[in-house]
Amino acid sequence: MDYKSSLIQDGNPMENLEKQLICPICLEMFTKPVVILPCQHNLCRKCANDIFQAANPYWTNRSGSVSVSGGRFRCPSCRHEVIMDRHGVYGLQRNLLVENIIDIYKQECSSRPLQKGSHPMCKEHEDEKINIYCLTCEVPTCSMCKVFGAHQACEVAPLQSVFQGQKTELSNCISMLVAGNDRVQTIITQLEDSCRVTKENSRQVKEELSRKFDALYAILDEKKSELLQRITQEQEEKLSFIEALIQQYREQLDKSTKLVETAIQSLDEPGGAIFLLSAKKLIKSIVEASKGCQLGKTEQGFENMDYFTLDLEHIADTLRAIDFGTGKGGGCVTYLFPLLDPWKSASFRLSPTGRQTH
């Protein structure tokens, strides 16, 4: 502790020194033995032990039988947490320097005469010091007020006994509050851990959900490509059949056109003998060509592709119904992705008048 700078800045060194020697728990001058924490703050060992026992109710040592491996202690000044060993507060190092300063300070104070005005005086009796405490009115007063003044009918007690009692009560309250703060800090730590675990669990289920949907998208793309390929194959087969018919009809048309030209030339032949030599054969060729017009053809509705239809309404309804389940734990997630199997086997529904035969 840096007492020197504080003493120089204050006009009353002894009074400032006393402020430096106040325990932050009992708010009184340190009572020996004084212990020093790793954070360099000092405490009365009794005060520190009271707080430690309140924060660790199952830890007893020195005189008790139960002794855990250690406990936690939080400095009331800076909130630094100290992990105690099995000795608890008694394992902390004593600050002999502070204890020596306390002894010197008390000796100095006892050798000095009491300064005028250092003790509060009664307002009603200006020459009387306040030396008793009115228990009825709960105010400090003087002996004259009890004998002749406003507190004649009141119950009073020595000022020092009430002073010690209330200081003890305040110290106990401080210990309770510090212990309560430690419990609150523990709860905060637990809640912070809960936030971290919740975030991690959320990240994991999000990744799992994304993997499930990616698998669904992959199946849809695969099935889409497969069905489009089947439509393309059907289209190519139909077009191939139609183009073959077109080629046959064109060949028949060319043949018929040539026969017509030959027949017209025969009609122009003036000689009967020459005409008769080729007429019969020509007529026979024309009759056979006429019969050849009965080539293959497409039936009605051959161009129709409506039989490539999918009934996906039930699957769409199932997809819309995908949701998370609510198990007993409140965090159970039920995925409906076994529905992927019907997608894998999805196929076209053929109408009764489906694809035509060639």
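Residues numbered from 1 in each chain as written. Predicted model: local features only at pLDDT ≥ 70, side-chain atom pairs only at ≥ 80, totals over all residues. Heavy atoms only, no water.

Section: the overall build of the protein chain
Here is step 1: Counting secondary structure elements, the protein chain contains 9 helices and 8 strands.
Here is step 2: Out of the 358 residues belonging to the protein chain, those deemed buried represent 25%.
Here is step 3: Here the analysis covers contacts within the protein chain between residues at least 6 apart in sequence; of these, 53% occur between residues at least 24 apart.
Here is step 4: Summed over its atoms, the accessible surface of the protein chain is roughly 25,200 Å², and 55% of this surface lies on carbon and sulfur atoms. (Helix = DSSP H or I, 4+ residues; strand = E, 2+ residues; numbered from the N terminus. Buried < 20%, exposed > 50% of the residue type's maximum accessible area, 1.4 Å probe, protein only. Contact = heavy atoms within 4.5 Å. Areas by Shrake-Rupley, 256 points an atom, 1.4 Å probe, with all protein chains shown as cover.)

Comments concerning the state of the cysteines
Here is step 1: Scanning all chains against the criterion turns up 0 disulfides.
Here is step 2: No disulfide involves Cys39; its nearest neighbouring cysteine sulfur is the one of Cys78, lying 3.6 Å away. (Disulfide = S-S within 2.5 Å.)

Notes on the nonpolar core
Here is step 1: Within the largest apolar cluster, 28 residues are counted, with the highest numbers of intra-cluster contacts made by Leu21, Phe30 and Phe73.
Here is step 2: When sequence neighbours within four positions are dropped, the list of residues in contact with Phe30 reads Gln20, Leu21, Ile22, Cys23, Pro24, Asn42, Leu43, Cys44, Val98 and Ile102. (Core = buried A, V, L, I, M, F, W, Y, C linked by side-chain atoms within 4.5 Å.)

Some points on the side chain of Glu99
Here is step 1: With respect to the helices, strands and loops of the structure, Glu99 is situated in helix α4 (residues 96-111).
Here is step 2: A relative accessible area of 4% places Glu99 in the buried class.
Here is step 3: At 2.8 Å, the side chain of Glu99 and the backbone nitrogen of Val34 are in polar contact.
Here is step 4: Separated by 2.7 Å, the side chains of Glu99 and Arg94 make a polar contact.
Here is step 5: If we ignore the near neighbours within four places in the chain, the residues touching Glu99 are Lys32, Pro33, Val34 and Arg94. (Polar contact = N/O pair within 3.5 Å; in protein donor to acceptor, adjacent residues only side chain to side chain.)

Describing the sheet that holds strand β8 (residues 156-158)
Strands in a sheet are paired, the pairing made by backbone hydrogen bonds, and the direction either parallel or antiparallel.
Here is step 1: Taking strand neighbours across the sheet as the criterion, the 3 strands line up as β7-β6-β8 in an open arrangement whose pairing is antiparallel. The sheet is open, and its two borders are formed by β7 (139-141) and β8, each paired with just one other strand. Within this sheet the neighbouring strands show an average axis-to-axis angle of 35°, counted without direction.
Here is step 2: By the bridge criterion, 3 bridges tie strand β6 (residues 132-134) to β8 in an arrangement that is antiparallel. (Pairing = 2+ DSSP bridges. Axes fitted to C-alpha atoms, helices over the stretch in contact; angles between N-to-C directions.)

Some remarks on the sheet that holds strand β5 (residues 93-94)
Here is step 1: Here 3 strands make up an open sheet; going across it, the order is β2-β1-β5 and the pairing antiparallel. One side of each edge strand has no neighbouring strand; the edge strands of this open sheet are β2 (42-44) and β5.
Here is step 2: Looking at chain direction, strand β1 (residues 34-36) and β2 are connected through 3 bridges and run antiparallel. Bridge pairing links Val35 to Leu43 in β2.
Here is step 3: Those strands touched by helix α3 (residues 45-55) are β1, β2 and β5, and its axis lies near 85° from that of β2.

Some remarks on the packing of α3 against helix α6 (residues 159-267)
Here is step 1: α6 packs onto α3 with a crossing angle of 45° between their chain directions and a minimal axis gap of 9 Å. By the criterion of interaxial angle, the relationship of α3 to α6 is oblique. Where α3 crosses over α6, the two elements pack in a sense that is right-handed. In this structure, α3 uses Asp50, Ile51, Ala54 and Ala55 to contact α6, whose residues at the interface are Ser175, Val178, Ala179, Asp182 and Arg183.
Here is step 2: Among the residues making up the contact of α3 with α6, the classes are represented as 5 nonpolar, 1 polar and 3 charged. (Parallel < 35°, antiparallel > 145°, perpendicular 65-115°, else oblique. Left-handed = near helix turned anticlockwise from the far one by under 90°. Nonpolar A, V, L, I, M, F, W, Y, C, P; charged D, E, K, R; others polar.)

Some thoughts on the side chain of Thr141
Here is step 1: Within the secondary structure layout, Thr141 lies in strand β7.
Here is step 2: For Thr141, a relative accessible area of 4% gives the class buried.

Observations regarding the confidence of the model for the protein chain
Here is step 1: Taken over all residues, the pLDDT of the protein chain has a mean of 78, while the share at 70 or more is 78%.
Here is step 2: Between residues 1-10, whose pLDDT stays under 50, and residues either more than four places distant or in other chains, the model counts 13 contacts.
Here is step 3: Note on residues 328-337: pLDDT under 50 across the span, and 18 contacts to partners over four residues away in sequence or across chains. (pLDDT = per-residue confidence, 0-100.)

Some thoughts on the packing of aromatic side chains
Here is step 1: A full pass over the atoms with the stated rule returns 3 aromatic pairs.
Here is step 2: Between Phe213 and Tyr217, the aromatic rings sit 6.2 Å apart at their centres with planes inclined by 50°, giving tilted as the arrangement. Here Tyr217 and Phe213 lie together in helix α6, a separation of 4 residues that amounts to about one turn.
Here is step 3: Using a relative accessible area of 25% as the deciding quantity, one classes Phe213 as partly exposed.
Here is step 4: Ring geometry for Phe241 and Phe302: centres 5.6 Å apart, planes at 45°, overall tilted. With a gap of 61 residues between them, Phe241 in helix α6 and Phe302 in the loop between α7 (272-291) and α8 (313-320) connect regions that are remote in the sequence. (Phe/Tyr/Trp six-rings, centres within 6.5 Å; stacked < 30°, edge-to-face > 60°.)

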